[in-house]
Every structure is written in C-alpha cells, then in structure tokens.
Amino acid sequence: MSFIKIENIRIAGFAAGVPSNIVKTVSTTDKYDDESYIESVGVREKRFSNDFTASDLCEAAALRLISDLGWDKDIDLMIMVTQTPDYILPATSCVLHGKLGLAKSCMCLDINLGCSGWVYGLSVALSLMSAGKMRKALLLAGDARKQVPEEHDQLFGYAGTATALEYDENSSAIYFDLGTDGTGYDAIIRPGGGSRNPITAESLILQECEDGRKRHACQTRMKGMDVFAFGITTAPKSIKKLLKECGEEVGLVDYFVFHQANVKMLETISRKLTLTPEQMPLSLIRFGNTSSASIPLTIVTELRESVPNTRKKIVGCGFGVGLSWGTVLFDTDERLIISDLQEL
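For clarity, every value in this text was computed on a predicted model and none was experimentally measured. (Residues numbered from 1 in each chain as written. Predicted model: local features only at pLDDT ≥ 70, side-chain atom pairs only at ≥ 80, totals over all residues. Heavy atoms only, no water.)

Regarding the packing of aromatic side chains
And step 1. Summed over all chains, the structure comprises 6 aromatic pairs.
And step 2. Look at Phe256 and Phe258: their rings are 6.5 Å apart centre to centre, the planes differ by 15°, and that puts the pair in the stacked class. For the pair formed by Phe256 and Phe258, the shared burial category is buried.
And step 3. The structure contains a cluster of three or more aromatic residues connected by ring pairs, namely Phe14, Trp118 and Phe330. (Phe/Tyr/Trp six-rings, centres within 6.5 Å; stacked < 30°, edge-to-face > 60°. Buried < 20%, exposed > 50% of the residue type's maximum accessible area, 1.4 Å probe, protein only.)

A few points about helix 6 (residues 263-273)
And step 1. For helix 6, the full list of buried residues reads Val263, Met265, Leu266, Thr268, Ile269, Ser270 and Leu273.
And step 2. On its buried face, helix 6 is in contact with helix 1 (34-41), helix 5 (224-246), strand 14 (255-258), helix 7 (284-287) and strand 15 (313-320).
And step 3. The opening residue of helix 6 is Asn262, an N-cap whose side-chain oxygen sits 2.8 Å from the backbone nitrogen of Lys264.
And step 4. Just downstream of helix 6, Thr274 is the residue with a positive phi angle, here 55°. (Helix = DSSP H or I, 4+ residues; strand = E, 2+ residues; numbered from the N terminus. Contact = heavy atoms within 4.5 Å. Polar contact = N/O pair within 3.5 Å; in protein donor to acceptor, adjacent residues only side chain to side chain.)

Focus: unusual backbone geometry
And step 1. Across the junction of Leu89 and Pro90, the peptide omega takes the value 10°, indicating a cis bond.
And step 2. With a phi angle near 55°, Thr274 is a residue other than glycine that sits in the positive phi range.
And step 3. Relative to the assigned elements, Thr274 resides in the loop between helix 6 and helix 7.
And step 4. For Asn309, which is not glycine, the phi dihedral falls at a positive 70°.
And step 5. Its place among the elements puts Asn309 in the loop between helix 8 (294-302) and strand 15.

Let's talk about the sheet that holds strand 16 (residues 324-331)
And step 1. Ordered by their spatial adjacency, 5 strands build an open sheet running 1-9-16-15-14, and the pairing between neighbours is mixed. The open sheet is flanked by strand 1 (3-6) and strand 14, the only strands paired with a single partner. Looking at each pair of strands side by side, their axes are set apart by 15° on average, direction ignored.
And step 2. In this sheet, strand 16 lies alongside strand 15 in antiparallel orientation, the contact comprising 8 bridges. Following the sheet pairing, Cys317 is matched in strand 16 by Thr327.
And step 3. Against the sheet, helix 8 engages strand 14, strand 15 and strand 16, with an angle of about 135° to strand 14. (Pairing = 2+ DSSP bridges. Axes fitted to C-alpha atoms, helices over the stretch in contact; angles between N-to-C directions.)

With respect to helix 1
And step 1. Residues Tyr37, Ile38 and Val41 constitute the buried set of helix 1. What you see down the axis of helix 1 is that its buried residues fit within an arc of 100°, all on one side.
And step 2. Check the buried side of helix 1 and you find it contacts helix 6 and helix 7.
And step 3. Phi for Gly42, located one or two positions after helix 1, is positive at around 85°. (Arc of directions from axis to C-beta.)

Let's talk about the pattern of salt bridges
And step 1. What the rule picks out here adds up to 18 salt bridges.
And step 2. Note that Arg44 and Glu35 form a salt bridge whose closest N and O atoms lie 2.8 Å from each other.
And step 3. Among the residues examined, Arg44 registers a relative accessible area of 33% and is labelled partly exposed.
And step 4. A relative accessible area of 37% means that Glu35 is categorised as partly exposed. (Salt bridge = Lys/Arg side-chain N within 4 Å of Asp/Glu carboxyl O.)

Following this line, the structure appears as structure tokens:
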C-alpha cells in the first residue's frame, strides 16, 4: 500500500502565475450554442499565450512567494513537475535554478507527471526533506502546452505554481495515498516524439481521433470515456481510504481541492463523497484544466481569503495521465502565505 506519513515539515506558502491573456470558451460543435457548451464543459475562460513556457510562469510564482515569505536563496531542494519542459535536456529545474539565483548546494530534479503531479511532487519533496537535513524546499508545478503547433484546446489553460515547504518540528503530520494503473497508460497519450516513436515527416500528418477531432502524433489524445470512468471511481476510493487510515471523516475536512479536470467528473465525485458546495472550490470555470498546476492554483485563486490566519484541514486529490492518482491530507496554520495571483 502506497501510504505515506510525513512529520516535522509544514507547507509554508502557495503562489501561482498565469498569462494575463484571457481566451473565452466558444462552442466547437453545432450541437450547442456557446452558453450551453460552457455549461456542459464547465470552462468559461482560460489563460493562454504562446509568449510563455511553464517555467516562465513557475518562475514568476516562485519569485513572488520567496519574497512574500522573506526567504533568502539558500533553498535546499527544488522540484519541477511538468509535461512541457523547456528542453528535452537539461532538466527544467536546472534552468530555473539559474534564473532564480539559488545556492549551488540546492538539489534540483524534474518529475514528468500531469494530473496527479502536484501530489506526487509533494510526496517526493517531503520524503527527501524528512530523510536528511534539508530545511527549505520549493515545489514548482505547471504546464504550457506549446511544444508543437496545434489547435488551441478549449479546455486547457496555462499556469505555473510554487509551493514552499519548511522544516518545523511542531507541524501537523501530512498523509498520502498514491497509486498507478499502468495498464491504462495510453488513455491519455502523446504517441509521437519520444524514443518509442521518434518524430518523422509522417508524425505531423493529421489523423481523426475518437472524439472526431484531427490530431497528429505529436499532439495529446485522450480516451475520454475511459478517463472519466477512471476519475469518478478512483478519486473517491483513494480519498475514503486515506481518511480511514488517518481516522478522519469527510465532514471534518474544510476543503477538498481536486485536479480541475472536468465539471461533470467533479460533480460526480462530489456526490459520491456527499460534499457540500463550500467544501469543493473550483477554478475550472476561469482557468480551465491546468494539469499539475490545478490544485495549488485553485488554492491561490479560490481560498486566498478564507485559509490564511486560520487552521484548516485540506484534502488535495489529483488523477489522470498514467493512469495515476494521488491524495494528500494536510493542515494549514496561521502562518501560511498565499500570494497574489501573478498575471504576466
């Protein structure tokens, strides 16, 4: 069982960066007018701009959070979670290390995950900190889907986030439930461009996918119904298992912050867990699906007024590409910093 308990480390702060350019959602089918389509997908607008990479957005978030926390640059660990790195190599975390001016003693690494990526990255960062003498860490997570020319997707937005972690012997424990079903690895896939299928002239030939849209091999494609069934089944099970392991109850958790995948999926999960609307903040309607950034972005944009200066119990749950999932339970305290949203 992939259950993890981490002690003596607190989440010190959250920040997020997005492009200032707002793209309104319009219907992609004759079946719906624009307003009906927006209600069906749950996305009214998103942030999109080819002027920025994921690392640009994470850099802005990190700089603001470091400043708001009053940290110097002696950070011991930085992890970058993204599926849209700046380069095939080097790791984007190394690029950001230089841009942020961090100490050369800082350990840096990338994690290639999407929907579950922030929870996985958090578990890795906390585990590394608890195993040694690291006292400060940054977890950066985000995506900007601009690796190949492609039609802008109505559901996906650009965002980058920063989460600050700090050693603290008086902090509450943080708990994780993590899992993978690799038999469904091709449910969300970009089949071309890796070592299995290197890029050729044929890689850029458009082919019709199961959703009726045409994509080439270097564009992401998804088996929508498979992913939907996976999400509405796996997320509630993982959350219930984690809460049972920790001796907690759904009604005692202040907020459930989900990966912002699809409004119908989130509504179904909410019903299965009998959540109140107040327990499930949503950023999907304004920012779309922002992949690994969606949980911390939702905290920054939807909970900035209600969480700081109080103690709150929060569950974060990400699920999707892999297929993989991760659920985390953590408490905030009065010292938590949530920075203003950075709009580039």
